[in-house]
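# Chains, contacts and geometry: an overview
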Amino acid sequence: MMEMKRALRRYRFPTSEAVAADVVSKYGPQGPLLDIFVNNTGAHVHKWHHYLPLYERYFGPWRHRPLRFLEIGVSKGGSLQMWRKYFGPDAVIFGIDIDPECAQFNGQSGQVRIGSQDDPEFLAKVVAEMGGVDVVLDDGSHVMGHIERSFEVLFPLLELGGTYMIEDLHTAYWPSHGGGSDANANFFNRLREMFDDMHHWYHDTPPRNSALAATMSGLHVHDSIVVIDKAHVYAPTHSVVGG
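An account of the accompanying structure is given in this report.

The rules behind these values
- Residues numbered from 1 in each chain as written.
- Predicted model: local features only at pLDDT ≥ 70, side-chain atom pairs only at ≥ 80, totals over all residues.
- Heavy atoms only, no water.
- Helix = DSSP H or I, 4+ residues; strand = E, 2+ residues; numbered from the N terminus.
- Expected span 1.5 Å × (residues − 1).
- Contact = heavy atoms within 4.5 Å.
- Buried < 20%, exposed > 50% of the residue type's maximum accessible area, 1.4 Å probe, protein only.
- Pairing = 2+ DSSP bridges.
- Right-handed = clockwise from strand over helix to strand, strands pointing away.

The end-to-end C-alpha distance of helix 2 (residues 16–27) is 17 Å, a good match for the 16 Å that 12 residues give at a rise of 1.5 Å each. On the buried face of helix 2, the contacting elements are helix 3 (32–38) and helix 4 (51–59). Gly28, located one to two residues past helix 2, shows a positive phi value of around 85°.

On to helix 5 (residues 78–87), then. Burial within helix 5 is extensive, with eight of its 10 residues counted as buried. Those residues of helix 5 that sit buried are Gly78, Ser79, Leu80, Gln81, Met82, Trp83, Tyr86 and Phe87. On the buried face of helix 5, the contacting elements are helix 3, helix 4, strand 1 (68–72), strand 2 (92–97), strand 3 (111–114) and strand 4 (133–138). Gly88 sits one or two positions beyond helix 5 and adopts a positive phi of about 95°.

To continue, consider the pairing of strand 5 (residues 158–166). Note that strand 4 and strand 5 share five bridges and pair parallel. Pairing of Asp138 across the sheet is with Ile166, part of strand 5. Each parallel crossover has a hand, and for strand 4 linked through helix 7 (residues 144–157) to strand 5 it is right-handed. Sheet analysis places strand 5 next to strand 7 (residues 225–230), joined by four bridges and oriented antiparallel. Counterpart to Thr163 in the pairing with strand 7 is Asp229.

Moving on to the environment of Val127. By secondary structure assignment, the location of Val127 is in helix 6 (residues 120–130). With a relative accessible area of 6%, Val127 lands in the buried category. Sequence separation between Val127 and Leu34 is 93 residues; the distance between their C-alpha atoms is 29 Å. Not counting residues within four places of it along the chain, the set of residues in contact with Val127 comprises Leu70, Gly132, Val133, Leu154 and Leu157.

This is how it looks when you write it as structure tokens:
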């Protein structure tokens, strides 16, 4: 953890222009989210630079569409403010946090509800209040057990065609968060099971979670970020054409 903090100090940038230049030089031209992020003058927002193009890739298609967006982790309220500017005034945006102090941000850029991300009853109640959920961003405690529990509850409630993103998964290697390179609870071990379930057509082991296998249409793994797509999954077919 101390090494991580020292690295963060080393990579501070003096201006918003320098932040933007770093992102563009590494990942190419970006969409509107980069401008929203670097020009923020409101509440505190802290994001790794390589997350910004991933947000654009997976969340960009939801702009200018009806959207119900749930963020786990409110912190200083700045992230909800960023998403409101990005998704626009018509998006239904909710944030949840266990810290009662976060209630002060309710109604500013979205609705805030206080409760734990590993409380199934609380999570289901929030989704019901939202009228369903299309996108989940887990930026909560980053504790392995909490990530697992939230996913178990929320992915079945996610609408077909929806997107489930978990970020800051470098904590999967931190014992302080229930992880570790050799820890069974490391969330990347759970992903291996999910990969196997997705490919159950090709091996003899039954899916560990048949309901999940029936709707988990894609798994994307990036540095510290995992994205799970939800859609109808059909038995694979193939054809020979031509010749």
